[in-house]
Amino acid sequence: MKRPPLILYLLGALWILPLTLAGAVLALIYVPIGVRWSDGLLEIRTLWIIGSPGAQTIGLIMFYTDPEERDRPRLRVHERVHVIQSMLWSPFAFAPAWLLHWAVNVMIVRPKPEDYPDYLPMRDRHGNPEPLWWRAYAAICWERQAYRIDHEFAEGKRPGAWGS
Ligand SMILES: [Zn+2]
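Residues numbered from 1 in each chain as written. Predicted model: local features only at pLDDT ≥ 70, side-chain atom pairs only at ≥ 80, totals over all residues.

Student: Is there a simple way to explain the overall build of the chain in this structure?
Tutor: Scanning the chain from terminus to terminus reveals seven helices and four strands. When its helices and strands are written in sequence order, the chain yields α-α-β-β-β-β-α-α-α-α-α. Expressed along its principal axes, the backbone C-alpha trace of the chain runs to roughly 40 × 35 × 30 Å. Buried positions account for 29% of the 164 residues belonging to the chain. (Helix = DSSP H or I, 4+ residues; strand = E, 2+ residues; numbered from the N terminus. Buried ≥ 20, exposed ≤ 12 C-beta atoms within 10 Å, placed from the backbone.)

So this is what it looks like as structure tokens:
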């Protein structure tokens with residue numbers, strides 16, 4: 001997704017302020033050890049993140065543990081897709097809906113790697129299926145969208161994506 005114009009970014013930032021404040025509380029639980037501002041997000045290095053993803057974004061706060069991972073262009077684009085998603089789905093609905101979809105995936109869908117495109121992280125580097133809780137995460141509709149967009153960005157199909 002393209003970087004939003006400044007006025008829309010500012011309005012969106014105000015709109016998702018409740019989510020950003022929730023992220024600020026989460027930052028304390030994750031134990032912050034570094035912070036910087038980068039391309040519209042407050043990037044906070046923490047000691048840990050639940051599930052150990054490359055990064056996690058809540059409102060306008062992106063958490064990460066590994067600076068190399070933080071600077072990976074695909075990840076930067078991916079995390080900013082989630083910011084737009086939370087603006088579009090509302091700061092109140094996005095996180096509960098995300099969690100609900102994860103729970104539905106764990107209990108009902110039970111995603112199999114072969115049913116999803118290659119760019120979704122459904123298998124480990126040895127080609128073995130990731131655990132169900134991880135596959136359930138990768139199959140959440142908003143994750144699929146973010147992975148599709150960061151994949152297309154990596155293929156050069158989305159020049160100027162937000163975060164690039
Ligand atoms: Zn994601």
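Student: Explain the sheet that holds strand β1 (residues 32-38) to me, please; I cannot follow it from the model alone.
Tutor: Pairing between sheet strands relies on hydrogen bonds along the backbone, with the strands arranged either parallel or antiparallel. Pairing in this open sheet of four strands is mixed, and the strands run β1-β2-β4-β3 from one edge to the other. Here the strands that pair on one side only, and so sit at the sheet edges, are β1 and β3 (55-58). Pairwise comparison of adjacent strand axes, ignoring direction, gives a mean angle of 25 degrees for this sheet. Against the sheet, helix α2 (residues 17-30) touches β1, β2 (41-46), β3 and β4 (61-64), its axis set at about 25 degrees to β4. (Pairing = 2+ DSSP bridges. Axes fitted to C-alpha atoms, helices over the stretch in contact; angles between N-to-C directions. Contact = placed C-beta atoms within 7 Å.)

Student: What am I meant to see in the pairing of β1 here?
Tutor: A regular strand carries its side chains on alternate faces of the sheet. β1 sits mainly on the outside: zero of its seven residues count as buried. The pairing of β1 with β2 spans six bridges and is antiparallel. Considered in β2, the bridge of Val35 is made with Ile44. Hairpin connection from β1 to β2: two residues lie between these consecutive antiparallel strands, with Asp39 at a positive phi of about 45 degrees.

Student: Explanation requested: the environment of Cys141 in the structure shown.
Tutor: Mapped onto the elements of the fold, Cys141 is located in helix α7 (residues 141-154). Sequence separation between Cys141 and His101 is 40 residues, and the spatial gap between their C-alpha atoms is 7.7 Å.

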